[in-house]
Amino acid sequence: MRRWNGWGDEATHYPLPESAGRFLETKVGTGLRIPDVAFERALVAVPPSRLPPYQQLSLDPADRLYHARGQSLPDWVALRQGRVEAFPDGVAYPASDEAVRELFVYAKRTGARLIPYGGGTSVVGHINPRAIDSPALTIDLSRLNRLIDLDLTSQLATFEAGVCGPDLERQLKERGCTLGHFPQSWELSTLGGWIATRSSGQQSYHYGRIEDLWAGGHAETPQGPIDLPPLPASAAGPDLRHFLLGSEGRYGIITRAIVRVQRVPEEEDFHAIFFHDWASGASAVREIAQAGIPVSMLRLSNARETEVTLALSGKDQLVGLADRGLRLFKYDEDRALLILGVTGGKALTHYAYHEATAIARRHGGFAAGKTIGQLWRKSRFLSPYLRNTLWEQGYALDTVETALPWSKVEPTALAIQAAIREALQGFNERVLVFAHLSHVYADGASVYTTYLWRRSPEPDQTLAHWQAMKHAASQVLIASGGTISHQHGVGIDHRPYLAVEKGMIGLQMIEAVRHQLDPDRLLNPGKLVE
Ligand SMILES: Cc1cc2nc3c(=O)[nH]c(=O)nc-3n(C[C@H](O)[C@H](O)[C@H](O)COP(=O)(O)OP(=O)(O)OC[C@H]3O[C@@H](n4cnc5c(N)ncnc54)[C@H](O)[C@@H]3O)c2cc1C
């Protein structure tokens, strides 16, 4: 059973190791264990639906509560502390294009606003109904979850777009294939959601981002259907896929997606490499990317994240041993950990590993084997569960992410961290800030910053802390010329910063397409653009 107010399945837990609890106490102070609002009490707050009954519509308050919010920090505060101010008035579960089209007709008749809902894993407010709108109808696409066709000759798979990560990979694996799109939210997020938010999987360096993987498909818009044929390449004017990529449910509902798949790789390994500091690690990673070495992942943590990763692993003995060994060779407080992934045939992975480690060594890198990489792989989809535990122990956690050219990566990464620290100083609280390069390109990288601080007894105070840090960090990355999001999208939370990146004409273009496809503003109002 899925958690209604946190991450993942209720039966899965990620306990905080005792030593990690002590580590957090020294860094930010003792967490305040504030009880959450119980499901039954939250349910009582769901008002009567404003929608008339309809054949495929659930008006059940529990369904409406489950679909009220996503996974952003304000979403967590709202759900856990009883602050949800708007609920969907109903939830529909269409299982065909025709059912989606009928919902457009229903929305026109009743004035309902439609919110396409994939896995609800948005971290920027994408799927939240707004209190100011007419009735909201959430369209949960989970019944559209089948593999429809697999063209092995062309390595193209056609899926219904509501399929979630594990179901998609299972259906492909049975046929010897993989998509290789593994965002950390993979357990719950869906193919349609990945496309609508321009998602990036952890091994995008090898498999590509979703825009590389998405070859075509079908969408239903209030103005009619759009079919996108899968073409290896085309010079026939603007690529219409790019109108739907990142459209955040504003332009239509993607019901089918044709994706580029690969054979399941013969080998896959994740190695740990330590550097004396982040700057030398970043230089090595840049050189590996610019030399085109075919690795599958380059994830470089800064010194603080390296410390946190080891502290939270719970493997105290192993970490102690590694620490003593690394210090002998002067990899001390400033050390930075790179997880290097290699994926593919035996010869290719062997070549990639040796070429990459040769470059790393030239930058002072020390190859520390596969144990840490194996631990990372084991917990890659489990680590979001730690947020539940941290919250319950009194800590809030959020992230801010961007991408920039290499020349701006290091100064911006440092400035983001400084801005977050400074923002919380004004409240007389401490924050633990750490970062990694999560996705690497020849011309730049994405910088992924995590910040953890103590929750306050007053939900508004926790929100004020978050708002101050989020805004300070966003200002820095905008001023540095970074994107407001490399992978999470815009939603509500990033909307105020979009104009700087797109310019007024750019925003008008986005809005003009919205007007063309959805003149009655049926779809997901207020997200992406106002
Ligand atoms: C713990 C955690 C880890 C994460 N890690 C990553 C990561 O590594 N990489 C990454 O890119 N993101 C990550 N995210 C963010 C999130 O998972 C992505 O934005 C994801 O793509 C959202 O997919 P979803 O199916 O959950 O979409 P939802 O959250 O349900 O919806 C997101 C948006 O897409 C629209 N939408 C959904 N389905 C459709 C459809 N079929 N047609 C039209 N519009 C649709 C919705 O209307 C909404 O605007 C993470 C989130 C969490 C909570």
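Above: the structure in question.
Residues numbered from 1 in each chain as written. Predicted model: local features only at pLDDT ≥ 70, side-chain atom pairs only at ≥ 80, totals over all residues. Heavy atoms only, no water.

**What to know about helix α17 (residues 406-425)**
Look at α17: 30 Å from first C-alpha to last across 20 residues, which is about the 28 Å you get at 1.5 Å a residue. In α17, a bend of some 25° at Thr412 exceeds every other bend along the element. Among the residues making up α17, those that are buried are Trp406, Val409, Thr412, Ala413, Ile416, Gln417, Ala419, Ile420, Ala423 and Leu424. (Helix = DSSP H or I, 4+ residues; strand = E, 2+ residues; numbered from the N terminus. Expected span 1.5 Å × (residues − 1). Bend = angle between axes of the 7 residues up to and from the residue. Buried < 20%, exposed > 50% of the residue type's maximum accessible area, 1.4 Å probe, protein only.)

**Observations regarding the packing of aromatic side chains**
Across all of its chains, the model carries 11 aromatic pairs by this definition. A centroid spacing of 5.7 Å and a plane angle of 65° characterise the contact between Phe182 and Trp186, whose relative ring orientation is edge-to-face. Look at Trp186 and you get buried, because its relative accessible area is 15%. Ring geometry for Phe329 versus Phe366: centroids 6.3 Å apart, planes at 15°, classification stacked. One end of the pair, Phe329, is in the loop between α13 (316-328) and β14 (336-344); the other, Phe366, is in strand β15 (residues 366-367), with 37 residues separating them in the sequence. With relative accessibility at 35%, the residue Phe366 sits in the partly exposed group. One aromatic cluster is present, formed by Trp4, Phe39 and Tyr66 through successive ring pairs. For Arg387, the ring lying beneath its charged end belongs to Trp76, and the centroid distance is 4.4 Å. (Phe/Tyr/Trp six-rings, centres within 6.5 Å; stacked < 30°, edge-to-face > 60°. Lys NZ or Arg CZ within 6 Å of the ring centre and 35° of its normal.)

**Some words on the layout of surface pockets**
Roughly 620 Å³ of internal volume is contained in the second largest pocket. Lining of the second largest pocket is provided by 27 residues; of these, Arg198, Leu245, Gly246, Lys502 and Ile510 occupy positions nearest its centre. If you list the elements that add at least two residues to the lining of the second largest pocket, you get α10 (241-244) and α19 (498-517). Broken down by element, the residue count for the lining of the second largest pocket peaks at seven residues, all from α19. Here the residues of the lining of the second largest pocket are counted per class, giving 10 nonpolar, 11 polar and six charged. (1 Å grid on protein atoms, 1.4 Å probe; cavity = no way out; pocket = protein on both sides within 12 Å on 5 of 7 lines; lining within 4 Å. Points joined across faces, edges and corners; volume = space filled by probe spheres on them. Nonpolar A, V, L, I, M, F, W, Y, C, P; charged D, E, K, R; others polar.)

**Regarding the nonpolar core**
With 79 residues, the main nonpolar core has Phe159, Leu172, Leu191, Ile420, Tyr451 and Trp453 as its most contacted residues. Ranked by the residues each element gives to this core, the list is headed by helix α18 (residues 459-479), at seven residues. Those residues in contact with Leu191, other than ones at most four positions away along the chain, are Phe159, Glu160, Ala161, Val163, Leu168, Ile210, Ala257 and Val259. Counting residues in each nonpolar core, the second largest holds 29 residues, with Ile273, Ala282, Ala289 and Val409 among its members. (Core = buried A, V, L, I, M, F, W, Y, C linked by side-chain atoms within 4.5 Å. Contact = heavy atoms within 4.5 Å.)

**Some words on the sheet that holds strand β8 (residues 214-221)**
Strand order across the open sheet formed by five strands is β5-β6-β10-β8-β9, with antiparallel pairing between neighbours. Looking at the sheet topology across the chains shown, the edges are occupied by β5 (147-151) and β9 (224-228). Averaged over all neighbouring strand pairs, the angle between strand axes comes to 10°, with direction disregarded. As paired strands, β8 and strand β10 (residues 253-260) are joined by six bridges and run antiparallel to one another. Across the sheet, residue His218 finds its bridge partner in β10, namely Arg256. Packed on one face of the sheet, helix α5 (residues 97-110) meets β8 and β10 and runs near 40° to β8. Lying over the sheet, helix α6 (residues 165-173) contacts β5 and β6 (156-160), oriented at roughly 140° with respect to β6. (Pairing = 2+ DSSP bridges. Axes fitted to C-alpha atoms, helices over the stretch in contact; angles between N-to-C directions.)

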